[in-house]
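Remarks on the overall topology
Here are the chains, one letter per residue:
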Amino acid sequence: MAGTLYIVATPIGNLNDLTPRAAATFGMVDFIAAEDTRVTLRLLNHLGLKKPLVSYYEHNQREKDDYILQRVMDGENCALCSDAGMPAISDPGEAIVRKALEQGISVVPIPAAAACITALAVSGQDTSRFVFEGFLPAQTRQRRQRLEQLVGEERTMIFYEAPHKLKATLTAMEQVFGPERSITLARELTKLHEEICKTTLGEALQQLEQTPARGEYVLVLAGGEPVEQESQPLTLEEVAAQARQLVEEGMAPTAAAKQAAAKSPFTKDQVYRQLLEE
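Here goes a summary of the coordinates provided. (Residues numbered from 1 in each chain as written. Predicted model: local features only at pLDDT ≥ 70, side-chain atom pairs only at ≥ 80, totals over all residues. Heavy atoms only, no water.)

Description of empty space enclosed by the protein
The final tally for this structure, using the stated rule, is 1 cavity of 30 Å³ or more. Lining the largest cavity are Glu 35, Tyr 56, Leu 80, Cys 81, Ser 82, Pro 87, Asp 91, Pro 92 and Gly 93. By residue class, the composition of the lining of the largest cavity is 5 nonpolar, 2 polar and 2 charged. (1 Å grid on protein atoms, 1.4 Å probe; cavity = no way out; pocket = protein on both sides within 12 Å on 5 of 7 lines; lining within 4 Å. Points joined across faces, edges and corners; volume = space filled by probe spheres on them. Nonpolar A, V, L, I, M, F, W, Y, C, P; charged D, E, K, R; others polar.)

What follows is the structure in structure tokens.
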């Protein structure tokens, strides 16, 4: 009889947030697949447990998937955990969960805190509708392209970012969405130096010049304002005027043209050319 793959959430910073069910699951499984065995070993030591550990992270997941799942198929129970938070969310665990389900293996969630939801709850932004974007691409061009795809997004957007990339990400966001767009920066959640700051993109960049980024960040960005439907179709000149207003507010011309064109009969290129002519 096959065993079970448990997806176990671990604390995002404070060890006191470990749930009794998670601790019990670590105690009963046969082995643990861990993103970083050193991090998980410290957690097990905190619990007074000793368990066989299998390293499972981004760069070895393909070679370890079959090994782990075969052991589960042979009757062993496995707990999959990441360094912090819920596995399989912006995390390599996504792949093994999919494969386990395809093979008919029972997958059981052991939930707890996730940094994205924790940050959203205390962000002061609209929580009724949101979209999780995870980490943006590291390359400047790809990062910009991803953000421009979100120009018309009206839902709250959640991103993860490392401290050494924060300035570049905020700069790109300011260029695409404008300096007045509301954003909440949450860092070191549940840890000693936890900080939650609701501000604007422009002010966030100014603050970053004075206080260097430290710790892992969750960025909760306000969605755009809904575009009112016009009773009469807008002319190209009127759409270009909307784009010009966005540029005056700090948005990049290409992003402004894309946002203005989104709910008009004109393409981004048409609006952009008209914007340049006026």
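Structural notes on the packing of aromatic side chains
Here the structure, examined in full by the defined rule, presents 2 aromatic pairs. Judged by centre distance (5.1 Å) and plane angle (70°), the ring pair of Phe 132 and Tyr 160 falls under edge-to-face. You can see Phe 132 sitting in strand β6 (residues 130-135) and its partner Tyr 160 sitting in strand β7 (residues 156-161), a full 28 residues away along the chain. Here Phe 132 falls in the partly exposed class, since its relative accessible area comes to 29%. Under the relative-accessibility criterion, Tyr 160 is labelled buried at 13%. (Phe/Tyr/Trp six-rings, centres within 6.5 Å; stacked < 30°, edge-to-face > 60°. Helix = DSSP H or I, 4+ residues; strand = E, 2+ residues; numbered from the N terminus. Buried < 20%, exposed > 50% of the residue type's maximum accessible area, 1.4 Å probe, protein only.)

Points about a negative patch on the surface
On the surface, Glu 180, Glu 203, Glu 248 and Glu 249 cluster together to form a negatively charged patch. Among the secondary structure elements, Glu 203 is positioned in helix α8 (residues 201-210). Relative accessible area serves as the criterion here: at 41%, Glu 203 is assigned to the partly exposed category. (Patch = residues over 30% accessible without salt bridge, like charges linked within 9 Å, V, L, I, M, F, W, Y side chains within 5 Å. Areas by Shrake-Rupley, 256 points an atom, 1.4 Å probe, with all protein chains shown as cover. Salt bridge = Lys/Arg side-chain N within 4 Å of Asp/Glu carboxyl O. Lys, Arg positive; Asp, Glu negative; His and termini not counted. Charge placed at Lys NZ, Arg CZ, Asp CG, Glu CD.)

Examining the nonpolar core
In terms of nonpolar packing, the biggest core is built from 35 residues, with Phe 159, Leu 170, Met 173, Phe 177 and Leu 219 touching the most fellow members. Looking at this core, the element that brings in the most residues is helix α7 (residues 166-177), giving 6 residues. Among the nonpolar cores identified, the runner-up in size contains 30 residues, and Met 86, Ala 95, Val 97 and Cys 116 belong to it. (Core = buried A, V, L, I, M, F, W, Y, C linked by side-chain atoms within 4.5 Å.)

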